[in-house]
Amino acid sequence: MQSTLINDLMLTRRRALTGLGMLTTSATAIGGSALAAKPTLSAKTRTGPLTLDYQDPQDNLYAFGKIWAGFAEPVYGAYHGIMYARIPGKRHMPLFGYVGTGVLQAKFNEDGNLHLRGKETGFFTDLAFTKVLDAWQNPFTGETVKPFDFFNTIGGILTSEMPRYDFGTKDDEPTLMNEGSHIEKDGTIPFILPFEFYGDDALLAWDYAHAYTNPVTPEKWPKASTGGKISPSEHFTFRVSKAELENRDIPSARSMTGFSRVSEWWPWMMMGGNEYQNGTLYGRMFSHKGLSGYQDIPPYLLAHIEKHHPDSLQVPDQWLNKRPMGTWEKYAASVPPEVST
């Protein structure tokens, strides 16, 4: 769950709305006048274009906060692309557009941990990206269904160790972020990111791959559920300017990101119990932040959010520390069971 710095014009507009905090996951943002603001940086009170120590977890936390969010004003971003169906032996089929926004803000707490707050959204569009869908005709079942738009509040703390997240039940194994590119050191996994450098290009991968008990159970939601387990994953490939990243006088960094996700069918698609139940849903998206104001958000999407969900364009009032919640969890909490038990 991908974003731009805010300038004075955007701040005025936000006040007029009386009201995002993203990405999400999925994505985030940056932009204009916030560059002039003095950010709250790390416990290391260095300023200016000093090289980061990319083997130091504290400097990696700083870099992550600056890439994903920003240390001054909240920063905005967006993601958009196409979701595909994979049925073994068949041509992969484009299904719908997947778009959303994120607004994030970062700070360092007194203990040196990185605190993030924000909001993210996720919507489904026609393949021409002209409108957010109120209904979608499932080409496998012929049924017209209502998409389940996604809204998430972000409030979490990252420490000097790579995070692990618990989803599902106590019997499910936690998810280690960046598994596969992580580094083990002295029996721990420090928050050291897999940066690569090519000239001024700083490249970074950020991945998670869950596998846990499906909260949308087949017993209660036989049509929405695809089975007892789910394994959603998301994968990000960031590109930022190394010089911009290392300049501690700049509170956020412009990022251009490849974003992909793979999972079982989303519950709202109603794919449970048919011959395609075990197919795969995957997508490829652009994600980006760094332009002033709302310029990273596609106009039709911004208009939809301003009209229907203006509170999604503000960070939370408080710096929360809460467990993240995924689409399946939100669906199970929001949609009554299809079968009474």
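Residues numbered from 1 in each chain as written. Predicted model: local features only at pLDDT ≥ 70, side-chain atom pairs only at ≥ 80, totals over all residues. Heavy atoms only, no water.

What follows covers the pattern of salt bridges. Counted according to the given criterion, the structure contains eight salt bridges. The partner of Arg 261 in a salt bridge is Glu 234, with the nearest N and O atoms 3.2 Å apart. Of the two residues, Arg 261 is situated in strand 16 (residues 255-263) and Glu 234 in strand 15 (residues 233-241); the sequence distance between them amounts to 27 residues. Residue classification places Arg 261 among the buried residues on the basis of a relative accessible area of 4%. When its relative accessible area of 2% is taken as the criterion, Glu 234 is described as buried. (Salt bridge = Lys/Arg side-chain N within 4 Å of Asp/Glu carboxyl O. Helix = DSSP H or I, 4+ residues; strand = E, 2+ residues; numbered from the N terminus. Buried < 20%, exposed > 50% of the residue type's maximum accessible area, 1.4 Å probe, protein only.)

As a further point, take the environment of Tyr 76. Relative to the elements of secondary structure, Tyr 76 occurs in strand 3 (residues 75-86). As a C-alpha pair, Tyr 76 and Leu 313 span 237 residues in sequence and 8.4 Å in three-dimensional space. Engagement of the side chain of Tyr 76 in a polar contact is seen with the backbone oxygen of Leu 313, the distance being 2.5 Å. (Polar contact = N/O pair within 3.5 Å; in protein donor to acceptor, adjacent residues only side chain to side chain.)

What follows is about the layout of surface pockets. Volume-wise, the second largest pocket comes out at about 220 Å³. What lines the second largest pocket is a set of 15 residues, and nearest its centre among them are Asp 134, Lys 146, Pro 147, Phe 148 and Asp 149. The residue makeup of the lining of the second largest pocket, split by class, is nine nonpolar, three polar and three charged. (1 Å grid on protein atoms, 1.4 Å probe; cavity = no way out; pocket = protein on both sides within 12 Å on 5 of 7 lines; lining within 4 Å. Points joined across faces, edges and corners; volume = space filled by probe spheres on them. Nonpolar A, V, L, I, M, F, W, Y, C, P; charged D, E, K, R; others polar.)

The next thing to look at is the side chain of Asn 113. When you line up the elements, Asn 113 lands in the loop between strand 4 (93-108) and strand 5 (114-125). With a relative accessible area of 17%, Asn 113 lands in the buried category. With residues near it in sequence (within four places) discarded, Asn 113 still touches Lys 107, Phe 108, Ile 157, Leu 158, Thr 159 and Ser 160. (Contact = heavy atoms within 4.5 Å.)

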